[in-house]
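# Structural overview
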Amino acid sequence: MMTTLGLGCHDDKKEPDPERPTEWDGNYVPLEEKGDHIDTGPFASCSVVTVDDAGNPVPCGSLESFNLSSCDRSTLSRLSPDGVYSVLDRSSSSPFSGFSPGGFRVSTQGGPEAVNGLPLLQKHVDGQTFYVSSQLSFPDGTSQLFAFAGCQAENEQRFTGCSQTCINGGEERFAGTFQGVRTQRIGEPELSGIEFVSESRVDVGTPVDVYVTKNHAYVVALNYGRGFDEGGLAVFDVSDKAHPVLKKVVKLEGDAYWNSVWAKDDALYVGSGNHGVLVFDITDPANPQMVRGVPGDTFDIHTLFVDGNRLYAQSSSGGQALIFDVSNALSPVLLARYGVPADPNGRGYPHDSFAYQNRLYISQMGQGYYVLDVTDGSDPKPLGSYTYDASIYNPSHTSQVGTFAGRTIAFEGGENVNAHLRVLDVTDPAHVVKIGEYKMRPQSSIHNMVLRDKRLYVVWYAEGLRVLDVSNPTQPKEIAYANTFRDSDLFDGLFVGAIGIRVPGDGYVYVVDMTRGLLIYREP
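Residues numbered from 1 in each chain as written. Predicted model: local features only at pLDDT ≥ 70, side-chain atom pairs only at ≥ 80, totals over all residues. Heavy atoms only, no water.

### Things to note about the layout of surface pockets
Rolled over the atoms, a probe with the dimensions of a water molecule shows which regions are left empty. How we decide: Cavities and pockets are found on a 1 Å grid laid over the protein atoms alone: a cavity is a set of points where a 1.4 Å probe fits but cannot escape, a pocket is an open set with protein on both sides within 12 Å along at least five of seven lines, and a lining residue has an atom within 4 Å of such a point. Grid points are joined across faces, edges and corners, and a volume is the space filled by probe spheres set on the points. Secondary structure counts use DSSP, requiring at least four H or I residues in a row for a helix and at least two E residues in a row for a strand, with both numbered from the N terminus. Polarity classes work like this: nonpolar for Ala, Val, Leu, Ile, Met, Phe, Trp, Tyr, Cys and Pro, charged for Asp, Glu, Lys and Arg, and polar for all others, with Gly in that last group.
Considered as a void within the structure, the largest pocket measures approximately 890 Å³ in volume. The wall of the largest pocket is formed by 50 residues, among which D209, D352, T398, N448 and R502 lie closest to the centre. Within the residue set of the lining of the largest pocket, elements represented by two or more residues are strand 15 (206–213), strand 19 (258–264), strand 23 (303–307), strand 27 (350–356), strand 31 (396–404), strand 35 (448–452) and strand 39 (498–502). Per-element tally for the lining of the largest pocket: the top contributor is strand 31, with seven residues. Looking at the second largest pocket, its volume works out to about 310 Å³. Lining the second largest pocket are twelve residues, with N116, G117, Y224, D492 and G493 positioned closest to its centre. Residue classes in the lining of the second largest pocket are distributed as six nonpolar, five polar and one charged.

Okay, here's the thing in structure tokens:
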């Protein structure tokens, strides 16, 4: 557009693109914190009955125990009888805190079918009915039955209904309503704004994290029900990004849970479920050699973060953040153990951390987000926190921190149903302020993220990889995505799809998908 300013003078500047966030000036309007869940009431009008019209008992969790008379059941014909569905279940007895994830897969082709990760017990799916159930039986003879009955469908991807959990055949019964969605994003292209390069299967446990250095990708895995007894490490030569080559697999007998990985110089660090931080020598990057485990305790390290000459390791069972000096990368020296507070109900543990400008930002799975001064690594000092109502389980899971318009901004995400992206001004850690947020489907959850300049790369489980322009952090805007989840995925429920990510600055994005393995994309 051209605007006349005077005789013979013109301003040739283009008007701002309304679809792109404008450069941020540092001003914002504080946002109210409402938690992950905003309860809008029952999802469906159906209900549960315990006796039939004649007064006879109705088996708990059976199709007959659902009163669907108020539902438009003809709409259920829109749903596919083949596919994976994710479920957000709202408890009728405790609606505010009673949201839980679930899911099921159905098939008419003879494929595996399941409800809440358990083999299918009963199914009745036709144009008027969508009912599935499963049962968990224990060695002592007790049992739990899970049942879902559809009420009506909004479209081919989304429907609502009622649910039941029956303990010991109905001695105890928990009822609720649910909103289900097709986990695979039907109708949305697999890719937008990003180029797929390669896919490499990982056959050691379930892959969960990756680190890239020396033209090698180090993928760690854990035991997550795929028939593998142990986790481990898969080493790929990624000199040719289009054709990664598996060079080595490393396992440690009796250790089934390798959840995180990082590297510095010639050292590779692995977070072990049983042996703390495992230190490998990667002088020969294709052939890691075990050096030691630190600090020597037989407990778990869940996540790792390296900043300069510091290694930060979080223990889920110990409730501690450990700080190591890694000036000599192959010989970490423990400087301090910091006990992260649990919530008033004793829930939560330090899940992840991010170090930035002598501060350590700790995500606590249960209570919130904590900021420490780690100028002296041997004496960390609390600076402030961002916590939630104690009645709400609001697990803070991961974060990235950077400077925008002279202010220190944190991008924080939880791991739970409806766990979305929060943008926090943490310039003054004693007075943290929420200034923005970004949400996707409530049946999905963020897992990890990487901030590069003004782009935030988020692996969002079933939502795949989402790339956000955060040049204006109060208004994150999606600019690219890659849907990684497919109906052929091995898992259903909340924890499926994209889980690990690295953006090492070599022009590529490395994503770990729980089923598909190592996925490489070209940076958008």
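### Details of the pattern of salt bridges
Note the threshold: Salt bridges are defined by distance alone: a side-chain nitrogen of Lys or Arg within 4 Å of a carboxyl oxygen of Asp or Glu. Under the scheme applied here, a residue whose accessible area is under 20% of the maximum for its type counts as buried, over 50% as exposed, and between as partly exposed, the area being computed with a 1.4 Å probe on protein chains only.
Under the criterion given, the structure shown has 23 salt bridges. The residue R201 makes a salt bridge to D203 at a minimum N-O spacing of 2.5 Å. Assessed through its relative accessible area of 47%, D203 is described here as partly exposed. Residues R502 and D209 are paired through a salt bridge, measuring 3.5 Å at the closest nitrogen-oxygen approach.

### Some points on the nonpolar core
To be explicit about the condition: What makes a nonpolar core is a set of buried Ala, Val, Leu, Ile, Met, Phe, Trp, Tyr and Cys residues whose side-chain atoms join them at distances within 4.5 Å.
Counting 80 residues, the largest nonpolar core has L268, Y269, V277 and L518 as its most contacted members. Of all the elements, strand 16 (residues 216–222) adds the most residues to this core, at six residues. Grouped together as the second largest cluster of nonpolar side chains are 17 residues, I446, L451, L456 and V470 included.

### Considering the environment of S396
Heads up, the condition is: Any pair of residues with heavy atoms lying within 4.5 Å of one another is described as a contacting pair.
Looking at the secondary structure, you find S396 in strand 31. Accessibility expressed as a relative area gives 0% for S396, which makes it buried. Taking the C-alpha atoms as reference points, S396 and V450, separated by 54 residues in sequence, lie 16 Å from one another. Ignoring sequence-local partners within four residues, the contact set of S396 consists of H351, S363, Q364, M365, G366, G368, Y369, E412, G413 and G414.

### Some thoughts on the packing of aromatic side chains
The cut-off we apply is this: What counts as a ring pair is set by centres within 6.5 Å for rings of Phe, Tyr and Trp (its six-membered ring), and what kind of pair is set by the plane angle: stacked under 30 degrees, edge-to-face over 60, tilted for all other angles. Lysine NZ or arginine CZ positioned within 6 Å of the ring centre and within 35 degrees of the ring normal marks a charge as sitting over the ring.
Taken as a whole and assessed by the stated rule, the structure comprises 22 aromatic pairs. The rings of Y85, F104, F130, F148, F159 and F178 are connected pair by pair, giving a single aromatic cluster. Seen from the ring of F404, K454 lies directly overhead, with NZ or CZ sitting 5.0 Å from the centre. Its guanidinium or amino end placed over the ring of W262, R502 lies 4.3 Å from that ring's centre, counting from NZ or CZ.

### A closer look at the confidence of the model for the chain
Selection criterion: Confidence of the predictor at the level of single residues is given by pLDDT, which spans 0 to 100.
Overall, the prediction assigns the chain a mean pLDDT of 91, with 92% of residues at 70 or greater. Low pLDDT (under 50) marks residues 1–16, which in the prediction has twelve contacts with non-local residues, meaning those over four places away or in another chain.

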